[in-house]
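Analysis of the macromolecular model
Chain by chain, the residues:
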Amino acid sequence: VKPDLYYIVRRSDDIRTWTVASKVYAAGETDSLTVSLPAETEKGFFSVAVTDDPSPAFRTEDDGSGGVTVKGADTLETGDFAGRLVIPAVIGGKNVTGVGASAFANRADIRSVDVLSGVAALGANAFKWCVNLSSVSLCDGLATIGDGAFDGTAITELVIPASVAKVGSLDLRGLRTLRFLGKPSEIGNLLLSPDCLVYVPQDADWAGVPSADWHGG
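The following paragraphs examine the structure supplied in this document. Counting of residues starts from 1 at the beginning of each chain's written sequence and follows it residue by residue. Only residues with pLDDT of at least 70 get local features here, since the model is predicted, and only at 80 or more are side-chain atom pairs given and counted; chain-wide, interface and lining totals rely on the full set of residues. As a rule here, side-chain values cover all heavy atoms of the structure and leave hydrogens and water aside.

1. Some thoughts on unusual backbone geometry
Heads up, the rule is: Strands are runs of DSSP state E lasting at least two residues, helices are runs of H or I lasting at least four, and both sets are numbered from the N terminus onward. Each residue's exposure class comes from its accessible area (1.4 Å probe, protein chains only) as a fraction of the maximum for that residue type: buried when under 20%, exposed when over 50%, partly exposed otherwise.
Positive phi outside glycine occurs at asparagine 106, with the angle close to 65°. Of note, asparagine 106 is situated in the loop between β8 (94-99) and β9 (112-115). Backbone geometry at asparagine 125 places phi at a positive 60°, although glycine is not the residue there. Classification of asparagine 125 by relative accessible area gives partly exposed; the value is 25%.

Dropping the structure here:
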């Protein structure tokens, strides 16, 4: 399995009409790739398509260092993947280094976001007021989360990777759980619900971090 490619599994009952059953992104080179299928797709005919051109159609801008910054998308996933936004590590053969400021702000059609390894920065207000965004997955390698990146979303759980060095000011009052896997060197003003549980590494000094119900773990 070669890296930076999408493996799309399609299923058919009669070989004439095909539907997407699953899609997996291969971020690194590996000998095999596991695809999970819903129970109802266990029988039938299957085909696998391979592409390096991810959907949706991203708008990008050169970052001046040979990579690109994602500035938005003209279309989002449809069908079985409606509402899911995956920020890939590579677009058009260039490394994706970040998501631009307000790149996906005010998009009510986004329900989940996966930021793949290699993307280093989320710009200010990147997903602000994506009111139906309820699931966010951030991979290790992310270094910066900009001010307001997730303000006004519906997420209830957020895990901050250990690689993150800077977290901007965020309104996260809808969160039930906030987990830090490391200690960022810079943290802005975090607005949290009094009921939000915040988990931090036990060996880190968290003096001066905005107050909440802190829980080591």
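2. Quick notes on the nonpolar core
Looking at soluble globular proteins, one finds that nonpolar side chains tend to be buried together. Applied cut-off: To qualify as a nonpolar core, a set must consist of buried Ala, Val, Leu, Ile, Met, Phe, Trp, Tyr and Cys residues joined through side-chain atoms within 4.5 Å. Residues count as neighbours in contact if any of their non-hydrogen atoms are within 4.5 Å of one another.
Membership of the largest hydrophobic core comes to 42 residues, with the highest contact counts inside it found for Ile87, Phe104, Phe127, Phe150, Leu158 and Leu178. Here this core gets 3 residues from one element, more than from any other, and that element is strand β5 (residues 68-73). Beyond its immediate chain neighbours, meaning those up to four positions away, phenylalanine 104 contacts Phe58, Val70, Gly72, Ala73, Leu85, Ile87, Val99, Ile110, Ala126, Phe127 and Cys130.

3. Brief notes about the pattern of salt bridges
Where side chains of opposite charge bring their charged atoms close, a pairing between them can arise. Put simply, the rule reads: We count a salt bridge whenever a side-chain nitrogen from Lys or Arg sits within 4 Å of a carboxyl oxygen from Asp or Glu.
Evaluated as defined, the whole model comprises 4 salt bridges. Across the pair arginine 84 and aspartate 114 runs a salt bridge whose closest N-O atoms are separated by 3.2 Å. Of this pair, arginine 84 sits in strand β6 (residues 84-87) while aspartate 114 sits in strand β9, and the two are 30 residues apart along the sequence. Owing to a relative accessible area of 31%, arginine 84 belongs among the partly exposed residues under this scheme.

4. A few points about the environment of valine 164
Inspection of the secondary structure assignment puts valine 164 in the loop between β13 (157-160) and β14 (166-167). Along the backbone, valine 164 and isoleucine 145 are 19 residues apart, and their C-alpha atoms lie at a distance of 7.6 Å. Not counting the four nearest positions on each side in its chain, valine 164 is found in contact with Leu142, Ala143, Ile145 and Pro184.

5. Notes on the packing of aromatic side chains
Where two aromatic rings form a pair, the distance of their centres and the angle of their planes describe that pair. Condition: Two rings from Phe, Tyr or Trp (for Trp, the six-membered ring) form a pair when their centres are within 6.5 Å of each other. A pair whose planes differ by under 30 degrees is stacked, one over 60 is edge-to-face, and the rest are tilted.
With the rule as written, the count across this model stands at 2 aromatic pairs. On the basis of an interplanar angle of 5° and a centroid distance of 5.6 Å, the ring pair of phenylalanine 104 and phenylalanine 127 is categorised as stacked. One end of the pair, phenylalanine 104, is in the loop between β8 and β9; the other, phenylalanine 127, is in the loop between β10 (121-122) and β11 (135-138), and 23 residues separate them in sequence. Their ring planes at 0° and their centres at 5.8 Å tell us that phenylalanine 127 and phenylalanine 150 sit as a pair that is stacked. Taken as a pair, phenylalanine 127 in the loop between β10 and β11 and phenylalanine 150 in the loop between β12 (144-145) and β13 lie far apart in primary sequence, 23 residues in all. Here phenylalanine 127 and phenylalanine 150 have matching classes, each one buried. Each residue in the set Phe104, Phe127 and Phe150 is aromatic and connected to the rest through ring pairs, giving one cluster.

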